[in-house]
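Coordinate inspection notes
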Amino acid sequence: MRDRSYNNRLRVVLAEQMKTGKWLASELGVAEVTVSRWCTNKSQPSMSQFINIAKVLQVDFVNLIEEANKQ
């Protein structure tokens, strides 16, 4: 079975909604640097954090992820 890797689309969704990483960090109670690392895909939120992010941004969880290296 092929190993799949995923990236998040957090930066794109924030831009579409004209919201900042600073705003999201405040809403989630995390450091701005944490959101910055998520937005650049240097690290990924936990599953529970992904769910909270989707709720705060009022988007479907699926809209926050994409398969890396799509062909």
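This structure is a prediction, so every number in the text was calculated from the model and none was measured. (Residues numbered from 1 in each chain as written. Predicted model: local features only at pLDDT ≥ 70, side-chain atom pairs only at ≥ 80, totals over all residues. Heavy atoms only, no water.)

In an α-helix there are 3.6 residues to a turn, and that puts residues three or four apart on one side. Among all positions in helix α3 (residues 32-39), only V35, W38 and C39 are buried. Taken end-on, α3 shows its buried residues confined to a sector of 100 degrees, consistent with a single buried face. Of the surrounding elements, those touching the buried residues of α3 are β1 (6-8), α1 (10-16), α2 (21-28) and α4 (47-57). Positive phi appears at N41, one or two residues downstream of α3, with a value of about 60 degrees. (Buried < 20%, exposed > 50% of the residue type's maximum accessible area, 1.4 Å probe, protein only. Helix = DSSP H or I, 4+ residues; strand = E, 2+ residues; numbered from the N terminus. Arc of directions from axis to C-beta. Contact = heavy atoms within 4.5 Å.)

Next up on the list: the packing of aromatic side chains. Using the criterion set out here, one finds one aromatic pair in the structure. With centroids separated by 5.5 Å and ring planes inclined at 85 degrees, the aromatic side chains of F50 and F61 adopt a geometry described as edge-to-face. On the criterion of sequence distance, the pair formed by F50 in helix α4 and F61 in the loop between α4 and β2 (65-67) is long-range, its members being eleven residues apart. The exposure class assigned to F50 is buried, which follows from its relative accessible area of 9%. Residue F61 is classed as partly exposed on the basis of its relative accessible area, which comes to 25%. (Phe/Tyr/Trp six-rings, centres within 6.5 Å; stacked < 30°, edge-to-face > 60°.)

Another aspect to go through is the confidence of the model for the protein chain. Averaged over all residues, the pLDDT of the protein chain equals 89, while 87% of them reach at least 70. Mean pLDDT values over the elements of the protein chain span from 78, in β2, up to 98, in α2. (pLDDT = per-residue confidence, 0-100.)

Looking at the element boundaries, N8 is found in strand β1. Here Q44 takes part through its side chain, which lies 2.8 Å from a polar atom of the side chain of N8. For N8, the contacting residues outside a window of four places in its chain are W38, N41, S43, Q44, P45, F50, L64 and I65. (Polar contact = N/O pair within 3.5 Å; in protein donor to acceptor, adjacent residues only side chain to side chain.)

Another aspect to go through is the nonpolar core. Within the largest apolar cluster, 13 residues are counted, with the highest numbers of intra-cluster contacts made by L10, L14, L24, V35, I53, L57 and L64. Mapped onto this core, the elements with two or more residues apiece are α1, α2, α3 and α4. Of all the elements, α4 adds the most residues to this core, at four residues. Here I53 is in contact with L10, L24, L28, W38, P45 and L64, once residues within four sequence places are set aside. (Core = buried A, V, L, I, M, F, W, Y, C linked by side-chain atoms within 4.5 Å.)

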